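What the coordinates show
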Amino acid sequence: MMTVSEVSKLTGNSVRTLHYYDEIGLLKPTEVTEAGYRLYDDDALARLQTIMMFRELEFSLKDIGRIIDSPDFDRQKALEQQIELLRLRKERLEQLIEHALELQKKGVKEMDFRAFDKSRLDEYERKAKDMWGDTEAYREYEKKTEGYTGDMMEKTAVDMMKIFAEFGKIQDRSPDSAEAQELVRKLQAFITDNYYTCTDQILAGLGQMYAAGGEMTDNIDVAGGSGTACFAAEAIRVYVNK
């Protein structure tokens, strides 16, 4: 565990900034001591790192909160998006440097504004925000969970992992078996009842994320054993294509 002062020194964020993130619910401390000291564990630091990366890319705090608290959020996929955004920014900076050098060589009367074009970068940022941000599913999720306590959220997550544990128990069967397809129906109904209306289209997207690697895949495989995420994803693919 690290104190707020230690986190400030490690990350370069001011103590005031970390207090503000706590106040708005963006980054809550793992624990608050009786004396009122905020303490942060490795998971909290990992979340802060994600926040800082999005801030570096000039996402608003509101957008960052919506993204990382989305029920579909996958840290690995978000990192891939961040890397692509950084590459686009690097490409644009290189174009601006080259343009500035040309101006230095030829004079400021050289009229070429292509280096200032941000359209590709803006379009990619828009797509990233659309994927995680203000969607109908997310609004429904917010409404359904607005009265949930931390314990209730944790219990719901545990109950969902129990379904994946059931997937793990039947991995020796075909993904299109009656048992596997019944579990897909059970999973879809659970998501609809507890989070948001899980259409076949949303379910298909979730299935791809389950098997895409990263934190989500790891959690599912912990619940049901190695290979569970890929097995569940294939069962979902069969289900939505019927």
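Since we're looking at a predicted model, the values are computed, not measured.

Structural notes on the overall build of the chain
Scanning the chain for helices and strands turns up 12 helices and three strands. Among the 242 residues that make up the chain, the fraction classed as buried is 35%. Nonlocal contacts in the chain, meaning residues at least 24 apart in sequence, comprise 64% of its contacts between residues at least 6 apart. When the accessible surface of the chain is split by element, carbon and sulfur atoms take 51% of a total near 14,600 Å².

A few points about the packing of aromatic side chains
Counted by the stated rule, this structure contains five aromatic pairs. Relative to Phe231, the ring of Phe167 lies with its centre 6.4 Å away and its plane at 70 degrees, an arrangement referred to as edge-to-face. You can see Phe167 sitting in helix H8 (residues 150–169) and its partner Phe231 sitting in helix H12 (residues 228–240), a full 64 residues away along the chain. Comparing Phe167 with Phe231, the two get one shared label, buried. Taken together, Phe164, Phe167, Tyr210 and Phe231 form an aromatic cluster joined through their ring pairs.

A look at the packing of helix H9 (residues 178–194) against H12
Contact geometry for H9 and H12: axes closest at 9 Å, N-to-C directions at 90 degrees. The angle between H9 and H12 falls in the class roughly perpendicular. Facing Ala180, Gln181, Val184, Arg185, Leu187 and Gln188 of H9, the residues of H12 in contact are Phe231, Ala235, Ile236, Val238 and Tyr239. Among the residues forming the contact of H9 with H12, the class breakdown is eight nonpolar, two polar and one charged.

A few points about the pattern of salt bridges
What the rule picks out here adds up to 10 salt bridges. Salt bridges linked by common partners bring Asp22, Lys28 and Arg38 together as one network.

A closer look at the layout of surface pockets
As a volume, the largest pocket reaches approximately 1,500 Å³. Lining of the largest pocket is provided by 34 residues; of these, Ile68, Ser70, Ala157, Glu215 and Asn219 occupy positions nearest its centre. Listed by contribution, the elements that provide at least two residues to the lining of the largest pocket are helix H3 (42–56), H8, helix H10 (200–210) and helix H11 (215–224). Examining the composition of the lining of the largest pocket, we find that seven residues originate from one element, H8, more than from any other. Residue composition of the lining of the largest pocket, by class: 18 nonpolar, six polar and 10 charged.

Structural notes on the environment of Asp172
In this fold, Asp172 is placed in the loop between H8 and H9. In the structure, Asp172 is positioned 59 residues away from Phe231 in sequence and 9.6 Å away in space, judged by C-alpha atoms.

Here's the deal with the nonpolar core
Within the largest apolar cluster, 26 residues are counted, with the highest numbers of intra-cluster contacts made by Met160, Phe164, Phe167, Val184, Leu187, Ile191 and Tyr210. At the level of elements, H8, H9, H10, H11 and H12 are the ones that each hand at least two residues to this core. Other than its neighbours up to four places away in sequence, Phe167 contacts Ala180, Leu183, Val184, Leu187, Thr228, Phe231, Ala232 and Ala235. With 20 residues, the next largest nonpolar core counts Ile51, Ile64, Ile67 and Ala78 among its residues.

Some remarks on the sheet that holds strand E2 (residues 31–32)
The sheet built from three strands is open, its strands ordered E1-E3-E2 with antiparallel pairing. Every interior strand has two partners, whereas the edge strands, strand E1 (2–3) and E2, have only one. When E2 meets strand E3 (residues 38–40), the two strands line up antiparallel, connected through two bridges. Looking at the pairing, Val32 lines up with Arg38 of E3.

Some points on the packing of H9 against H10
For the pair H9 and H10, the least separation of the axes is 11 Å and the interaxial angle reads 110 degrees. Classified by the interaxial angle, the pair formed by H9 and H10 is roughly perpendicular. Contacts from Val184, Leu187, Gln188 and Ile191 of H9 reach H10 at Asp200, Leu203, Leu206 and Tyr210.

Observations regarding the side chain of Thr217
Inspection of the secondary structure assignment puts Thr217 in helix H11. Judged by its relative accessible area of 9%, Thr217 is buried. Those residues in contact with Thr217 that sit more than four places away from it in its chain are Met209, Tyr210, Ala211, Ala212 and Ala229.

What counts, and where the lines are drawn
Residues numbered from 1 in each chain as written. Predicted model: local features only at pLDDT ≥ 70, side-chain atom pairs only at ≥ 80, totals over all residues. Heavy atoms only, no water. Helix = DSSP H or I, 4+ residues; strand = E, 2+ residues; numbered from the N terminus. Buried < 20%, exposed > 50% of the residue type's maximum accessible area, 1.4 Å probe, protein only. Contact = heavy atoms within 4.5 Å. Areas by Shrake-Rupley, 256 points an atom, 1.4 Å probe, with all protein chains shown as cover. Phe/Tyr/Trp six-rings, centres within 6.5 Å; stacked < 30°, edge-to-face > 60°. Axes fitted to C-alpha atoms, helices over the stretch in contact; angles between N-to-C directions. Parallel < 35°, antiparallel > 145°, perpendicular 65-115°, else oblique. Nonpolar A, V, L, I, M, F, W, Y, C, P; charged D, E, K, R; others polar. Salt bridge = Lys/Arg side-chain N within 4 Å of Asp/Glu carboxyl O. 1 Å grid on protein atoms, 1.4 Å probe; cavity = no way out; pocket = protein on both sides within 12 Å on 5 of 7 lines; lining within 4 Å. Points joined across faces, edges and corners; volume = space filled by probe spheres on them. Core = buried A, V, L, I, M, F, W, Y, C linked by side-chain atoms within 4.5 Å. Pairing = 2+ DSSP bridges.

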